[in-house]
Amino acid sequence: MTLTAESTRTGTAPSLRDLVHELAEAKDAVVLAHNYQSPEIQDAAHFVGDSLQLSRIAAETPQTTIIFCGVHFMAETAKILAPDKTVLIPDAAAGCSLADSLTADELRAWKAENPGAVVVSYVNTTAAVKAETDICCTSSNAVEVVASIPADTPVLFGPDQFLGAHVRRVLKRDNIQVWGGECHVHAGINGAELAAKAAADPEAELYVHPECGCATSALYLAGTGVVAADRVKILSTGDMVKAAQGKKTGAVLVATEIGMIHQLRKAAPGVDFRPVNERASCKYMKMITPEKLLRSLREGTDEVHVDPAIAARARASVERMIAIGTPGTGE
Ligand code: 13P
Ligand code: SF4
């Protein structure tokens, strides 16, 4: 008996998760959700993760349809990696201010000014920008990707200035030019707010996403001894979950989009996770609602298309990234 028939019989409404799983099975679909989705979408999905983890699942999943609960560049990346599958995003208007901060024309002009440089682009970019890129990276492997390029080869890194600054700092390399783009949500998590929260809670650990405007401040606080260096961790969203797993008690100040708190609390229910900025919510991520997810499953909306010639060039840069892997995972 279907859930709908069963709920009519018993007079109880099925949960969103049950409905999504039943529809997904009927449509041979897998539902992926980014860590910044609202808790109800995360709980209804088959897999929740960071952008690299979800790209990998998209590339390997046996289902013929992928429903990507995230923003448009993520669904586009899934289509690039799985061109024969149907890729749907419940709302195609879910964009990304960071991806908008570098166009393919701007990247072509930057490359023309710097012949011989290797281009590394964050996955938060359009397919057209990925097609102009040598190697993609995500926040979980940006350092490893740039480290794989010979030390004397110049690098153009875009579009995120804070992630670029993080890579330069870790690798102590001055031949990396960084594009001046930013994510409006992470740029708004500032150093003063982080310093005040850290001072008010001297025992708390700090999990900081490298896209944040406060990542430099976090390392400055650690460097000057205001916060013990071992309390400060610069992590991608997926690595935040890994860092939380196994922790039993204590408090953690979390500097990233607030959707992250849900997975952290599930990973370590005894730990007090607190956002550094409670207003750090990505309006694009939150455009994916239960109603739009159900419509997507029932009606096949909104299908994501990528021009095959652009997709072929973009695939090469994404596959180079996937081949490099992530630190600490053994992958
Ligand atoms: P992750 O790569 O850590 O999942 O982050 C993606 C993103 O959009 C950050 O704002
Ligand atoms: Fe883009 Fe920022 Fe939203 Fe991430 S949080 S999807 S980088 S706008």
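Residues numbered from 1 in each chain as written. Chains lettered and ligands numbered in written order. Predicted model: local features only at pLDDT ≥ 70, side-chain atom pairs only at ≥ 80, totals over all residues. Heavy atoms only, no water.

The name given to the protein in an unreviewed UniProt entry is Quinolinate synthase, with Nakamurella sp. A5-74 as the source organism. Under the UniProt heading Pathway (unreviewed entry), the entry covering the protein gives this text: "Cofactor biosynthesis; NAD(+) biosynthesis; quinolinate from iminoaspartate: step 1/1." (UniProt positions renumbered as here; feature names shortened; annotations may be inferred.)

A.B. asks: I would appreciate a short explanation of the layout of surface pockets in the present structure.
C.D. replies: The gaps left among the atoms become clear once a water-sized probe is rolled over them. Considered as a void within the structure, the largest pocket measures approximately 160 Å³ in volume. Lining the largest pocket are 14 residues, with Ser139, Ser140, Val143, His166 and Ile234 sitting closest to its centre. If you list the elements that add at least two residues to the lining of the largest pocket, you get α8 (142-147) and α9 (161-171). Top contributing element to the lining of the largest pocket by residue count: α8, with 3 residues. (1 Å grid on protein atoms, 1.4 Å probe; cavity = no way out; pocket = protein on both sides within 12 Å on 5 of 7 lines; lining within 4 Å. Points joined across faces, edges and corners; volume = space filled by probe spheres on them. Helix = DSSP H or I, 4+ residues; strand = E, 2+ residues; numbered from the N terminus.)

A.B. asks: Would you mind showing me how to read the sheet that holds strand β5 (residues 118-122) here?
C.D. replies: In a beta sheet, neighbouring strands are held together by backbone hydrogen bonds and run either parallel or antiparallel to one another. Pairing is parallel in the open sheet, where 4 strands are placed in the order β6-β5-β7-β8. Unpaired on one side and paired on the other, β6 (135-137) and β8 (176-178) mark the two borders of the sheet. Taken pair by pair, the neighbouring strands of this sheet meet at an average axis angle of 25°, ignoring direction. Examined bridge by bridge, β5 and strand β7 (residues 155-158) share 4 bridges and lie parallel to one another. When the bridges of β7 are listed, valine 118 appears paired with valine 155. (Pairing = 2+ DSSP bridges. Axes fitted to C-alpha atoms, helices over the stretch in contact; angles between N-to-C directions.)

A.B. asks: What should I look at first to understand the environment of alanine 280 in this one?
C.D. replies: Considering the arrangement of structural elements, one finds alanine 280 in the loop between β12 (272-275) and α15 (290-299). Residues alanine 280 and isoleucine 258 lie 22 residues apart in sequence; the distance between their C-alpha atoms is 5.9 Å. If sequence neighbours within four positions are ignored, alanine 280 has contacts with Val185, Ile189, Thr256, Glu257 and Ile258. (Contact = heavy atoms within 4.5 Å.)

A.B. asks: Any chance you could explain the pattern of salt bridges here in plain terms?
C.D. replies: Side-chain pairs of opposite charge can arise whenever the charged atoms involved come near each other. Taken as a whole and judged by the stated rule, the model has 14 salt bridges. Across the salt bridge formed by lysine 292 and aspartate 91, the nearest N and O atoms sit 2.7 Å from each other. With lysine 292 in helix α15 and aspartate 91 in the loop between β4 (86-88) and α6 (104-113), this residue pair connects regions lying 201 residues apart in the sequence. The partner of glutamate 278 in a salt bridge is lysine 197, and the shortest N-O contact between them spans 3.7 Å. Here the residue glutamate 278 occupies a position in the loop between β12 and α15, and lysine 197 occupies one in helix α11 (residues 191-200), the gap between them amounting to 81 residues. In this structure glutamate 278 comes out as partly exposed when scored by relative accessible area, which is 49%. It is possible to trace a salt-bridge network through shared partners that takes in Asp105, Arg108, Lys111, Glu132 and Arg313. (Salt bridge = Lys/Arg side-chain N within 4 Å of Asp/Glu carboxyl O. Buried < 20%, exposed > 50% of the residue type's maximum accessible area, 1.4 Å probe, protein only.)

A.B. asks: Quick question: what am I supposed to make of the nonpolar core here?
C.D. replies: Side chains of a nonpolar character, in soluble globular proteins, are inclined to be buried together. Phe157, Val208 and Phe273 are the most contacted members of the largest nonpolar core, which totals 96 residues. Residue contacts for phenylalanine 273: discarding those within four places in its chain leaves Tyr207, Ala244, Val252, Val254, Ile261, Leu264, Arg265 and Ala268. Core analysis: the second largest hydrophobic core is formed by 8 residues, Leu102, Ala104, Leu107 and Val119 among them. (Core = buried A, V, L, I, M, F, W, Y, C linked by side-chain atoms within 4.5 Å.)

A.B. asks: When you look at the site of ligand 2 in this model, what are you seeing that I'm missing?
C.D. replies: The local shell around ligand 2 consists of Tyr36, Val71, Cys96, Ser97, Leu98, Asn124, Cys183, His184, His186, Glu211, Cys282 and Met285. Most atoms of ligand 2, that is more than half of them, are within 2 Å of grid points of the largest cavity. (Near = heavy atom within 4 Å. Sits in = over half its atoms within 2 Å of the grid points.)

A.B. asks: How should the environment of alanine 131 be read in this particular structure?
C.D. replies: Take alanine 131: it is sitting in helix α7 (residues 127-131). In sequence terms alanine 131 and arginine 315 are 184 residues apart; their C-alpha atoms lie 7.7 Å from each other.

A.B. asks: In this structure, what is going on with the pairing of strand β9 (residues 205-208)? I would like to understand it.
C.D. replies: Of the two faces of β9, the one carrying Glu205 and Tyr207 and the one carrying Leu206 and Val208 are both buried. Where β9 meets strand β11 (residues 251-255), 4 bridges bridge the pair, whose relative direction is parallel. Bridge pairing links valine 208 to alanine 255 in β11. Here 3 bridges tie β9 to strand β10 (residues 232-234), and the two strands are oriented parallel to one another. What sits directly across from valine 208, in β10, is isoleucine 234. Of the crossover connections in this fold, the one passing from β9 over helix α12 (residues 215-223) to the parallel β10 is right-handed. (Right-handed = clockwise from strand over helix to strand, strands pointing away.)

A.B. asks: What is the right way to look at the site of ligand 1 in this model?
C.D. replies: Near ligand 1 there are 13 residues, and of these His34, Ser51, Ser139, His209 and Thr237 occur at the shortest range. Histidine 34 places a side-chain nitrogen or oxygen 2.7 Å from an oxygen atom of ligand 1. In the model, an oxygen atom of ligand 1 is placed 2.9 Å from a nitrogen or oxygen of the serine 139 side chain. When atoms are counted within 2 Å of each cavity's grid points, the one that captures over half of ligand 1 is the largest cavity. In the shell around ligand 1, the residues fall into 3 nonpolar, 8 polar and 2 charged. (Polar contact = N/O pair within 3.5 Å; in protein donor to acceptor, adjacent residues only side chain to side chain. Nonpolar A, V, L, I, M, F, W, Y, C, P; charged D, E, K, R; others polar.)

A.B. asks: What is the right way to look at α11 in this model?
C.D. replies: Residues of α11 that are buried: Gly191, Glu193, Leu194 and Ala198. On an axial view of α11, the arc spanned by its buried residues comes to 160°, and they lie on one face. Opposite the buried face of α11, at more than 90 degrees from it, the exposed residues are Ala192, Ala199 and Ala200. Those residues of α11 that are buried are in contact with β9, α12 and β11. (Arc of directions from axis to C-beta.)

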